[in-house]
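The chain contents come next:
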Amino acid sequence: MISSESFLSENAPWIDFLKLRASWGKSGKDNIEAFLYNATFKTAQNSIIFGDTVYKNYYTDSYLQRNLKWSTTESYNIGLDFDILRRKFGAEIDVFYQYTANLLESVGGEYAPSLGGTHPKQGNTGSMDNRGIDFTLKHQLTVNKDFSYRLRGTFGFARNKVLKRNLTPSYPTSLQPRIGQPLGVRYGLKSDGLYRTEEQLINAPRLDGTSWHASSTGPRLGDIRYVDINGDGRINFVDNNNEVLDMIRIGYGTMPEISFSLNADFYYKNFYLNMLWQGVSHCDYMLGGNDSYKWVVGTMLNTAFDQNGNGVKYVAENSWTPENPNAKYPRLTTGSGGNNILISDFWMVNGEYLRLKNLTFGYNVPETVLRKTPFTGINVYVAGANLLTFSHHKYVDPETPSATFNLYPQQRTWTLGLNVSF
Amino acid sequence: MNKTIKYIAAATAIVMATSSCNDVLDINDTSTFGDLAVWSSQDNADAYVTAAYKSFNDQSIVANRDKFYDNYSDIMKSPYWWIGTYNRALFEQSRFGKGNADLFDCWTAVYGRIKRTNAMLNDLERYGHKWGDEWYDIRRAEGRFCNAINYFYLARVYGGVVLRTDHSGGGGWLDDGAYEQDRNRARISEEATYEYILNELKDVAKVLPEKWPAAWTGRATKGMAYAFISRIALYAKNWELAVSAADECAKYYSLVPDYAKLFDVSSDQDNSKEIIFGIRFQKNVLTNGFDTDYRPFGDRSVYGNQVLANSQPTAELVDMYEFKDGTEFDWNTYSTNHADPYTDREPRFHATVLYNGAKWEGRTIETFEGGSDSFRSFSISEDADGHTVTGYYLRKYLQEGNSTFPTEGSYNTDIIIRYAEVLLNKAEALAQLNKLSDAMEPLNEVRRRVNLPARTFTAAMSLDDFMTILRKERCVELAGEGHRIWDLRRWRMAEGVINGKNVHGHKATRNGTSFEYTTVDADGGRQRIFLPHYYYLSLPSGEVSQNSLCVDNPGW
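Residues numbered from 1 in each chain as written. Chains lettered and ligands numbered in written order. Predicted model: local features only at pLDDT ≥ 70, side-chain atom pairs only at ≥ 80, totals over all residues. Heavy atoms only, no water.

1. Things to note about the overall build of chain A
- Broken down by element type, chain A carries four helices and 20 strands.
- Sorting the 422 residues of chain A into buried and exposed places 41% on the buried side.
- Taking contacts inside chain A between residues at least 6 apart in sequence as the whole, the part at least 24 apart equals 65%.
- Looking at chain A as shown, the accessible area adds up to about 23,000 Å², and 54% of this sits on carbon and sulfur atoms. (Helix = DSSP H or I, 4+ residues; strand = E, 2+ residues; numbered from the N terminus. Buried < 20%, exposed > 50% of the residue type's maximum accessible area, 1.4 Å probe, protein only. Contact = heavy atoms within 4.5 Å. Areas by Shrake-Rupley, 256 points an atom, 1.4 Å probe, with all protein chains shown as cover.)

Next comes the structure, spelled out in structure tokens:
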């Protein structure tokens, strides 16, 4: 607490409070499946004879997961708190770095037979780090005896990075963590709108791969136009050796890297106004039901009449038809699958938003009036929640983005209140 | 008041002190049959520990008809193309190849056993101390004993092994692949492999008990460890060790008087002081299929059962058996002193071979044409179907009088190691130490049991002379017990005995009341193949491809 030092209080009396913080910590994380280290034994009845007695044997033909441990996180933190000019301005600033080792992951792969035929299914093989900054800025001012206000803004930024992980040779999926990249970021094809002219179709790269998503006729007008990243004339995620080809990082993950809020209180005489704005940035979500594999699952928001279900009007009306060549969405097809449901940035939505989360406007009946009543306090207010939202997609709640509507959405509510105390 | 507070403080301090040592946070999983249950009692723990012995069942020649190794040698013959791969491995060069050790392939299976036993040893360290040091030490020694023999099973096929123990993994941990660095591990040399096995056995011999309580008889003992040392030291050419280990065995074991009863469970194995380690079976409960697999053809009409006669002694073996007075057998001269070639032969012949005229379960074996057990020439295209292709059937390990074998199975003990072998091991080791005179004694001890006259040492006798005698003695004493091919391999004689050769039979023809015997080719005109690189067979391809430090044997 630097402000307690005499050299500061004497030389800089405008500093009300100044504190420098530094910390280091190490913690373990154990929220892993219980008893992974335990074996399940089987019984072989009448297995072996000693003397004249037939005995049973216990054995296990699975891998004994004996040496798993907690992952450990080392945290480094430097912080600065201060208030200056009679607490008119203040701030709390934190910079942190965390290193997590021994992350529990599933491991696989081929093992030599000399290892006995059973292999670890999980290991403490991963590590990652996380860095960021958090700060809170405070400002309060009493303008005069009738009007005062308080503002408190927060901002947080955190970015993690996968340092080490057990790369399984299976198909790289859209959300598969990659070394050197943040956890949970999204990979997929890059799109460049729709095929809208016949010229674009000439020498258009053809889809590779299984019949599931390969089109025998190649792309048609109204299909999503993917970018052939490696220029081999074909669109494919990976080659036979799982070398990544046209699959690139297309966005952030679902978890925002940046979050911010502003809390504002205004007081004028007996009226008060309180607002909470909040928002996030550096996040994306897909308009698909399952964004972890190489194709998106049809939902109402990306496929009209999916599963013979309802057609959302704006999707249906904005789908490409020869009469509507400038439509936003690709042509509608009767078949499932195909070119237009691959994981790509076409179906990805920027998840950032800014929302007026709470607003309360109220009035406290002054004491001079109260004295004539049997009440000790009367307060009337009107409050609203989720009043204003600025986001990139009208039909998905950005706070809990889900294209499958399996969550109950946020409600806009208005509350009229009267508090009376005796 | 003040006093009360002090008491409370003291009490709290005690509670905190005790609870901090308590295992309240070590919760056990009771939802599955797991560690808690297995280590809840000594009986349960022993049911886990003794599972290590199951690796011996994998190699049992009695319990596995595709592991009757004598069929891949000059002394026994399988008439089949489809039971095991004995004949295919002998005749077709393609059977042994890169990544394929054919009938000897055991790498993956044995390592499966090694891994389980290592895991058991690791668990034993974790849970097994609660019953005292002695209890713990003995069980640890049992596990190490079983794995030492497992490594021997590998070494005799492949040479140097990839050594994986309960402490050779990353950080001194169990070597089970938990650490990336354990996935690639180089083989140790053949020499180092045998040294490791013998050191392990010497170590556990110090700890293992001399004897188990009756209900646990058959678990590893000191004598058992020394017996295996005497065998394996021959592979390591550590002659002194083979001799000293055999001498240790002599403290606990001796030969039984009756050779034939030794292999018969209904005679209580002649109350066996000789069987050092055997795999036991029990009627109806834990049985093997030996009678079905090896009985002579004539038993088909007796039992209405498809007996297979899967192993048949060859002329090469039969001719090695002396007459009971110790004279050598010779087809050209036997008739001057003997009415037929077989009746007057030494007891081991009668205990090992069923021949034309042998008494068997109240009937007479008839291998002649038209007889109940008639001869059929070996042919690849036409199966012998239970007939003899050599003129002989195997008798050793058959249960004479076990009339319920078709439904209730066979239950003779499979002898893994017995004292007669230890004596012959000692004889061989002494000879290699150039103590030929001393070497005669254990050899003659084996001969004395069957009332054969002692061999005498002469000054003119060379090591080669002695080894010729010894090799023959091993053949006739241990025939049908799976030793021959391993002996040929360690003597580096397999090429000479197998390659380019074929085995023979004696075909009987009835001539009035007497029989004529003619020597016939029992290999259907084929020549056997054994190439120099067969001494070290090829590792499974998975080992070489997944273990980057592992190099396959040369020549493949």
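2. Some thoughts on helix α17 (residues 419-432) of chain B
Residue and element names in this part refer to chain B.
- In a regular helix each residue adds 1.5 Å, so 14 residues correspond to 20 Å; α17 covers 20 Å between its end C-alpha atoms and thus fits that length.
- The buried fraction of α17 amounts to 13 of the 14 residues, a majority that puts the element mostly inside the structure.
- Directly beyond the C-terminal end of α17, a positive phi value near 65° is found at N434. (Expected span 1.5 Å × (residues − 1).)

3. Things to note about the packing of helix α18 (residues 436-449) of chain B against helix α19 (residues 463-478) of chain B
All names here are of chain B.
- At a closest axis distance of 11 Å, the pairing of α18 and α19 adopts a crossing angle of 20°. Judged by the inter-axis angle, α18 sits roughly parallel to α19. Like other packed secondary-structure pairs, α18 and α19 cross with a definite hand, here left-handed. Counted together, L436, A439, M440, L443, V446, R447 and R449 of α18 and L463, F466, I469, L470, E473 and E477 of α19 form the full contact between these two elements.
- Tallied by class, residues from the contact of α18 with α19 come to nine nonpolar, no polar and four charged. (Axes fitted to C-alpha atoms, helices over the stretch in contact; angles between N-to-C directions. Parallel < 35°, antiparallel > 145°, perpendicular 65-115°, else oblique. Left-handed = near helix turned anticlockwise from the far one by under 90°. Nonpolar A, V, L, I, M, F, W, Y, C, P; charged D, E, K, R; others polar.)

4. Topic: the interface of chain B and chain A
- Residue-level contacts link 52 residues of chain B with 38 residues of chain A.
- Both sides together, the interface formed by chain B and chain A hides about 3,900 Å², and carbon and sulfur atoms give 55% of it.
- In terms of surface lost to chain A, no three residues of chain B exceed F33, K115 and R183 of chain B, which account for 15% of the buried area on that side.
- Across the contact surface, chain B and chain A share zero salt bridges.
- At the junction of chain B and chain A, the tally comes to 16 residue pairs in polar contact (both at pLDDT 80 or more).
- Every element with two or more residues in the side of chain B that touches chain A is listed here: α2 (35-38), α3 (42-49), α6 (107-127) and α22 (541-546) of chain B.
- Ranked by the residues each element gives to the side of chain B that touches chain A, the list is headed by α6 of chain B, at eleven residues. (Buried area = accessible area lost by both parts, 1.4 Å probe. Salt bridge = Lys/Arg side-chain N within 4 Å of Asp/Glu carboxyl O. Polar contact = N/O pair within 3.5 Å; in protein donor to acceptor, adjacent residues only side chain to side chain.)

5. Focus on the pairing of strand β4 (residues 71-84) of chain A
Residue and element names in this part refer to chain A.
- Strand direction decides the pairing type here: strand β1 (residues 15-29) and β4, joined by 14 bridges, are antiparallel. In the strand pairing of β4, S23 is matched with N77.
- Taken together, the 13 bridges between β4 and strand β5 (residues 89-106) define a ladder with antiparallel strand orientation. Residue pairing for β5: S75 is matched across the bridge by Q98.
- Taking the residues that link successive antiparallel strands as the turn, the β4-β5 hairpin has four residues, and the phi of L85 there is positive, at about 50°. (Pairing = 2+ DSSP bridges.)

6. Looking at the sheet that holds strand β6 (residues 122-142) of chain A
Residue and element names in this part refer to chain A.
- Strand order in the open sheet formed by ten strands is β1-β4-β5-β6-β7-β14-β15-β18-β19-β20, with antiparallel pairing between adjacent strands. The open sheet is flanked by β1 and β20 (413-421), the only strands paired with a single partner. Sheet twist, expressed as the mean angle between neighbouring strand axes with direction ignored, is 10°.
- In the sheet, strand β19 (residues 377-391) pairs with β20 via nine bridges, with the strands oriented antiparallel. When the bridges of β20 are listed, G377 appears paired with S421.

7. Structural notes on helix α8 (residues 190-207) of chain B
Residues and elements named next belong to chain B.
- Between its first and last C-alpha atoms α8 spans 26 Å; for 18 residues at 1.5 Å apiece the expected length is 26 Å, and the two agree.
- Residues T193, Y194, Y196, I197, L198, E200, L201, V204 and A205 constitute the buried set of α8.
- Looking at the buried residues of α8, the elements they touch are α7 (133-158), α9 (222-235) and α10 (239-250).

8. Notes on the domain arrangement of chain B
All names here are of chain B.
- What the domain assignment lists for chain B is domain 1 (41-66 + 92-210 + 526-556), domain 2 (221-280 + 413-487) and domain 3 (287-412 + 492-524).
- Between the C-alpha centres of domain 1 and domain 3 there is a distance of 36 Å.
- In this complex, domain 1 contributes 13 residues to the contact, which on the side of domain 3 involves 22 residues.
- When the buried surface of domain 1 facing domain 3 is broken down by residue, V62, R526 and R528 rank first, second and third, together holding 45% of it.
- Note that D293 and R65 form a salt bridge whose closest N and O atoms lie 3.3 Å from each other.
- Scanning the region where domain 1 abuts domain 3 turns up 13 residue pairs in polar contact (both at pLDDT 80 or more).
- Partitioning the side of domain 1 that touches domain 3 into residue classes produces nine nonpolar, one polar and three charged. (Domains from an automatic or database assignment.)

9. Considerations on the packing of aromatic side chains
- Throughout the structure, instances matching the rule amount to 68 aromatic pairs over all chains.
- Ring centres of F50 of chain A and Y55 of chain A lie 6.0 Å apart, and the angle between their planes is 50°; this geometry places the pair in the tilted category.
- Both rings, one in Y342 of chain B and one in Y355 of chain B, keep their centres 4.9 Å apart while their planes meet at 35°; by these two values the pair is tilted. On the criterion of sequence distance, the pair formed by Y342 of chain B in the loop between α14 (315-318) and α15 (347-352) and Y355 of chain B in the loop between β4 (353-354) and β5 (359-360) is long-range, its members being 13 residues apart. Judged on exposure class, the residue Y342 of chain B and its partner Y355 of chain B are both buried. (Phe/Tyr/Trp six-rings, centres within 6.5 Å; stacked < 30°, edge-to-face > 60°.)

10. Structural notes on the confidence of the model for chain A
Residue and element names in this part refer to chain A.
- In this model, chain A carries a mean pLDDT of 83, and residues with pLDDT of at least 70 account for 87%.
- Confidence scores differ between elements of chain A, with strand β10 (residues 206-207) showing the lowest mean pLDDT of 75 and strand β14 (residues 258-268) the highest of 95.
- Here residues 210-214 is a poorly scored stretch, pLDDT under 50, and it has 13 contacts once near neighbours within four places are set aside; other chains count. (pLDDT = per-residue confidence, 0-100.)

11. Here's the deal with the nonpolar core
- Core analysis: the biggest nonpolar cluster contains 171 residues, and F56, Y72, F145 and F228 of chain B have the highest contact counts within it.
- No other element matches the 15 residues that α7 of chain B contributes to this core.
- Ignoring any residue separated from it by four or fewer positions in sequence, one finds Y72 of chain B in contact with Y86, A89, L90, F96, L103, F104, I485, I498, I529, F530 and Y534 of chain B.
- I224, M247, M286 and I341 of chain A belong to the second largest nonpolar core, which has 31 residues in total. (Core = buried A, V, L, I, M, F, W, Y, C linked by side-chain atoms within 4.5 Å.)

12. Quick look at the environment of M467 of chain B
All names here are of chain B.
- Mapping M467 onto the fold places it in helix α19.
- On the accessibility criterion, M467 (2% relative accessible area) is buried.
- Separated by 21 residues in sequence, M467 and L488 place their C-alpha atoms 12 Å apart.
- Other than its neighbours up to four places away in sequence, M467 contacts E428, Q432 and W491.

13. Some thoughts on unusual backbone geometry
Residue and element names in this part refer to chain B.
- The phi dihedral of Y397 is positive, around 80°, even though this residue is not glycine.
- Position of Y397 among the secondary structure elements: in the loop between β7 (393-394) and α16 (405-408).
- You will see that N451, though not glycine, has its phi angle at about 60°, which is positive.
- Take N451: it is sitting in the loop between α18 and α19.
- On the basis of relative accessibility, which here comes to 63%, the residue N451 falls in the exposed class.

14. Notes on the pattern of salt bridges
- Scanning the entire structure with this criterion turns up 64 salt bridges over all chains.
- Where K138 of chain A meets D83 of chain A, a salt bridge forms, and the shortest distance between an N and an O atom there is 3.8 Å. Of the two residues, K138 of chain A is situated in strand β6 and D83 of chain A in strand β4; the sequence distance between them amounts to 55 residues.
- Given the relative accessible area of 24%, K138 of chain A is considered partly exposed.
- Given a relative accessible area of 10%, D83 of chain A falls into the buried group.
- In this structure, D203 of chain B engages R144 of chain B in a salt bridge whose closest nitrogen and oxygen atoms are separated by 3.0 Å. Note that D203 of chain B is positioned in helix α8 and R144 of chain B in helix α7, a separation of 59 residues in sequence.
- R144 of chain B gets classed as buried once you look at its relative accessible area, which sits at 19%.

15. Let's talk about the side chain of T388 of chain B
All names here are of chain B.
- Of note, T388 is situated in the loop between β6 (363-364) and β7.
- Side-chain polar atoms of T388 contact the backbone nitrogen of G391, separated by 2.8 Å.
- A polar atom in the side chain of T388 sits 2.8 Å from the backbone oxygen of Y392.
- Apart from residues no more than four positions distant in its own chain, T388 is found in contact with Q312, T367, D373, S374, F375, R376 and Y393.

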